[in-house]
Amino acid sequence: MLRLAMKMLVGDRAKYAGLLFGISFTSFLVTFALSYLCGFLTRGFAVVTENPAANVWVMDPAVESTELTTNIPDSALSRVRSVAGIAFAVPLAFATVDARFPNGRFQSFRLIGVDDATLFGLPPLQGGISATVLRTPDAGVVASGGTAGKLETPVSKAAQWPYGGPRLDVPARRLAAGDELLVNDHRVVIRGLAKSLPRYPPKPLMYTTLSNAARLLPPERHLLTFVLARAAPGVSARELATRIKAQTGLKARSSADFKADTVNWLLINSEDVGDMASMVSIAMLVGFGVTGVLLFMFTTDSLRQYAVLKAMGADSRLLLSMIFVQSGLCAVLGTGLGLGLCAVVGKIAMLEFDYPFRMMWFTPIFGGLMVMMVSVVAAVISARPVLKLEPGVVFAGR
Amino acid sequence: MRCTGVTKSYGAGDAKVMALRGIDLDVRHGELLMVVGPSGCGKTTLISVIAGILDRDAGECRVLGRDLKRLGTKERARFRGASIGFVFQLFNLLPALNLVENVTVPLLINGVPRKDAESRARRVLEEVNLGLRLDALPGKLSGGQQQRVAIARAMVHEPKLIVCDEPTSNLDHATGQTMMQLLRSIAKSPGRALIVVTHDPRIYDFADRIARMDDGKIVEVIEGGGKERLQ
């Protein structure tokens, strides 16, 4: 009978297609929305991902994420280097600067100051340009940092400085090597574009050496934001982090832990993430509503058929099994189709439009489980009228 | 099947409607009994009580020696599945299933393995002259053909009682006559009784006896010879 239940479901092509479409859409929506959220959160710790060689991050004890930071004394670098079990430790500085473009437009950048000696922290440059260009005078390397249209400079020399006032509506092109910007009235010569990972919150990035950063930034007591360290062979990152914390009083986190800290911080503190989580929740509710209603309607539309079966001797257990088999089949197929669609659309969106999409291991599981749960709830709700069904309705006079 | 003093009402208080007002009726082995009467006289309620689909309020009713009211819901469903076949006015075939699958349903409900059920269903469909349409869907068949499938479905599990509810009212005269001939020739057998509820006087000739109902009562039971009077 369960095989026939499946045929009853599949045989009603229009309803079956509608049901599959609805459930696939729900599964797609839920998984896509979650993957979108994961994508954004992943961008939150992009700077950690960008530096895989450093597996311990040292910072001020109050820092909880890559997003909201404060600086530590320059002596922290030496103190960290003195901890046993360190393979290497390099400085990294974060700051926010406003850069003036040649046409007078200004744009906020995240300035990342990297170690002068090693240039550790600078991603590879586009066009195969060597990282050593950063050692040239006034050099800077920029990246979009997940933004669009924020690295535009005027095409025409006439629209560039001396500007004598902003010329904002002029034809523009992307910044390229040789272009110049002003940061705090200091010249920065763009030497290339970095292949950086997109950031969340999105913000253009400007890489420079620590010494140049010190020149660009207003005088500050502390310039250093992080010390990036690597544990020596035989020492785990967590173990080293514990040692650094004990010996220096600074906060030290393994890369994995710091990523998790950043995600937690963003989840709690970022209004954008809150808005996105609300959107995900609404998407889920809409999707679940659609799935539930479609499944319920499918069963209630078939009430007469169930009445016939009941009149012919089918007991409640058999009818329940049939309903659950139908719901289960729809849920499994719909979830599979939705997840497949989500993977394909997400990949295309990611590759073609730089979309923040990350389908983590738990997103399809969560999406699938939710759809299954809704299907079970819909089946339970729609089972009620079937169980209460009076088989006598199949007679003409009723 | 023997019923005595069976009553059944719907609703309560001022809205209470007496559908059956003390029915005395028996159906013998191997006979085709027609229950006739105007709309609303209680025919459908009567067959629902006989088939164990509705509970009577009072009286006695034993079907194949069992008092269905005393059985639990599950046992009653099992009894219905094993011992009673149904033919409905609107055929009530499952539209997504082909003819063989439709006819296997009573067997599968009774736990017959699928392969056996399908071979029995094919055999019965051949008996009702649908051997060439085994894989067709009900929607592709004429009304008469659909009713033949319904008859095959009603008898495939060899029930002792077949209940037919207005089996010819959705069919033209000629097809209705053919259908009744089929019911008499194939479904009716010494060990099996048929109860046919109908308004259609043109098929009264097929009855062994006719129970005429009015206002919830059997007003007369006519043996073979008196049928012309009703027609």
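Residues numbered from 1 in each chain as written. Chains lettered and ligands numbered in written order. Predicted model: local features only at pLDDT ≥ 70, side-chain atom pairs only at ≥ 80, totals over all residues. Heavy atoms only, no water.

(A) Up close: the overall build of chain B. Within chain B, the secondary structure is distributed over 7 helices and 10 strands. Since a compact globule built from 231 residues should have a radius of gyration of about 17 Å, the 18 Å found for chain B is in line with a globular shape. Counting only C-alpha atoms, chain B reaches 50 × 40 × 35 Å along its principal axes. A total of 231 residues make up chain B; the buried ones form 58% of that total. Long-range pairs, those at least 24 residues apart, make up 68% of the contacts in chain B with a sequence separation of at least 6. About 9500 Å² of surface is accessible on chain B, with carbon and sulfur atoms providing 47% of the total. (Helix = DSSP H or I, 4+ residues; strand = E, 2+ residues; numbered from the N terminus. Rg over C-alpha atoms; globule rule 2.2 N^0.38 Å. Buried < 20%, exposed > 50% of the residue type's maximum accessible area, 1.4 Å probe, protein only. Contact = heavy atoms within 4.5 Å. Areas by Shrake-Rupley, 256 points an atom, 1.4 Å probe, with all protein chains shown as cover.)

(B) Inspection of the interface of chain B and chain A at higher detail. Listed per partner, the contact involves 32 residues of chain B and 26 residues of chain A. Carbon and sulfur atoms supply 68% of the area that chain B and chain A bury against each other, a total of about 2500 Å² over both sides. Between the two partners, chain B and chain A, sit 2 salt bridges. In this structure, Glu101 of chain B and Arg3 of chain A form a salt bridge, with 3.9 Å as the shortest nitrogen-oxygen distance. (Buried area = accessible area lost by both parts, 1.4 Å probe. Salt bridge = Lys/Arg side-chain N within 4 Å of Asp/Glu carboxyl O.)

(C) Here's a closer look at the domain arrangement of chain A. Residues and elements named next belong to chain A. According to the domain assignment, chain A consists of domain 1 (2-43 + 271-394) and domain 2 (47-269). Each of domain 1 and domain 2 has a C-alpha centre, and these two points are 45 Å apart. Each partner contributes residues to the interface: domain 1 has 8 residues there, and domain 2 has 7 residues. Between domain 1 and domain 2 lies a buried interface of about 880 Å² when both sides are counted; carbon and sulfur atoms form 59% of it. Among the residues of domain 1 in contact with domain 2, Leu41, Arg43 and Val273 are the three that bury the most area, contributing 61% of the side total. Between the two partners, domain 1 and domain 2, sit 0 salt bridges. The tally of links between domain 1 and domain 2 comes to 2 residue pairs in polar contact (both at pLDDT 80 or more). For the side of domain 1 that touches domain 2, the element with the highest residue contribution is helix 8 (residues 271-301), accounting for 4 residues. Its residues placed into classes, the side of domain 1 that touches domain 2 shows 4 nonpolar, no polar and 4 charged. (Domains from an automatic or database assignment. Polar contact = N/O pair within 3.5 Å; in protein donor to acceptor, adjacent residues only side chain to side chain. Nonpolar A, V, L, I, M, F, W, Y, C, P; charged D, E, K, R; others polar.)

(D) Just helix 10 (residues 316-353) of chain A, in detail. A rise of 1.5 Å per residue sets the reference length of helix 10 of chain A, with its 38 residues, at 56 Å; its end C-alpha atoms lie 52 Å apart and thus fit the reference within 8%. Trailing helix 10 of chain A by a residue or two, Asp354 of chain A shows a phi angle of about 55°, which is positive. (Expected span 1.5 Å × (residues − 1).)

(E) Up close: the sheet that holds strand 5 (residues 66-67) of chain B. Residues and elements named next belong to chain B. If you trace the 4 strands from one edge of the open sheet to the other, you get 2-1-4-5, paired in antiparallel fashion. Each edge of the sheet is formed by a strand with only one pairing partner; in this case those strands are strand 2 (17-26) and strand 5. Note: strand 1 (residues 2-10) against strand 2, 7 bridges, orientation antiparallel. Along strand 2, the bridge assignment pairs Arg2 with Asp26. Most of the contacts of helix 1 (residues 43-50) go to strand 2, to which it runs at about 60°, and overall it touches strand 1, strand 2 and strand 4 (58-63). (Pairing = 2+ DSSP bridges. Axes fitted to C-alpha atoms, helices over the stretch in contact; angles between N-to-C directions.)

(F) Fine view of the pattern of salt bridges. On inspection of all chains with the given rule, the structure shows 26 salt bridges over all chains. Asp67 of chain B is paired through a salt bridge with Arg70 of chain B; the nearest N and O atoms lie 3.2 Å apart. By relative accessible area, Arg70 of chain B is classed as exposed at 66%. Three or more residues joined by partner-sharing salt bridges are found here, namely Asp138, Glu180, Arg187 and Arg215 of chain A.

(G) Molecular detail of the packing of helix 9 (residues 303-311) of chain A against helix 11 (residues 362-388) of chain A. Residues and elements named next belong to chain A. Contact geometry for helix 9 and helix 11: axes closest at 9 Å, N-to-C directions at 45°. Taken together, the axes of helix 9 and helix 11 lie oblique to each other. Where helix 9 crosses over helix 11, the handedness of that crossing is right-handed. Mapping the contact onto sequence places Leu303, Tyr306 and Lys310 in helix 9 and Pro385, Val386, Leu387 and Lys388 in helix 11. A breakdown of the residues in the contact of helix 9 with helix 11 according to their chemical character gives 5 nonpolar, no polar and 2 charged. (Parallel < 35°, antiparallel > 145°, perpendicular 65-115°, else oblique. Left-handed = near helix turned anticlockwise from the far one by under 90°.)

(H) Looking closely at the environment of Lys160 of chain B. Residues and elements named next belong to chain B. With respect to the helices and strands, the residue Lys160 is situated in the loop between helix 5 (143-155) and strand 7 (161-165). Accessibility expressed as a relative area gives 46% for Lys160, which makes it partly exposed. For the pair Lys160 and Pro190, spaced 30 residues apart in sequence, the C-alpha separation works out to 9.6 Å. Apart from the residues lying within four places of it in its own chain, the contact partners of Lys160 are Leu64, Ser83, Gly191, Arg192 and Ala193.

(I) Just unusual backbone geometry, in detail. Between Tyr200 of chain A and Pro201 of chain A the backbone carries a cis peptide bond, its omega angle lying at -5°. Inspection of the secondary structure puts Pro201 of chain A in the loop between strand 8 (186-193) and strand 9 (205-209). Backbone geometry at Asp354 of chain A places phi at a positive 55°, although glycine is not the residue there. Relative to the helices and strands, Asp354 of chain A is located in the loop between helix 10 and helix 11. Residue Glu158 of chain B is not a glycine yet carries a positive backbone phi of 50°. Secondary-structure assignment places Glu158 of chain B in the loop between helix 5 and strand 7.

(J) Broad picture of the sheet that holds strand 3 (residues 32-36) of chain B. Residue and element names in this part refer to chain B. As summarised here, the arrangement of the 6 strands in space is 6-7-8-3-9-10, forming an open sheet in which the pairing is mixed. Strands at the two margins of the open sheet, each flanked by one partner only, are strand 6 (84-87) and strand 10 (217-223). On average, each strand axis in the sheet is inclined to that of its neighbour by 20°, with strand direction left out of account. Of the strands in this sheet, strand 3, strand 6, strand 7, strand 8 (193-198), strand 9 (209-214) and strand 10 are in contact with helix 1, which crosses strand 8 at around 155°. Strand contacts of helix 5: strand 6 and strand 7, with the helix running at about 170° to strand 6, the strand carrying the most contacts.

(K) Region of the structure containing the packing of aromatic side chains. Residue and element names in this part refer to chain A. Throughout the structure, instances matching the rule amount to 15 aromatic pairs over all chains. For the pair Trp57 and Phe258, a centre-to-centre distance of 5.7 Å together with 35° between the ring planes defines the contact as tilted. Here the residue Trp57 occupies a position in strand 1 (residues 56-59), and Phe258 occupies one in helix 7 (residues 255-269), the gap between them amounting to 201 residues. Residue Trp57 shares its accessibility class with Phe258, and that shared class is buried. (Phe/Tyr/Trp six-rings, centres within 6.5 Å; stacked < 30°, edge-to-face > 60°.)

(L) View of the state of the cysteines. Applying the stated criterion to the full structure yields 1 disulfide over all chains. Shown here is the disulfide that connects Cys3 of chain B with Cys61 of chain B, its sulfur atoms set 2.2 Å apart. Of this pair, Cys3 of chain B sits in strand 1 while Cys61 of chain B sits in strand 4, and the two are 58 residues apart along the sequence. Counting only cysteine sulfurs, Cys342 of chain A is the nearest neighbor of Cys38 of chain A, a cysteine outside any disulfide, at a range of 11 Å. On the basis of relative accessible area, Cys38 of chain A is assigned to the buried category, the value being 7%. (Disulfide = S-S within 2.5 Å.)

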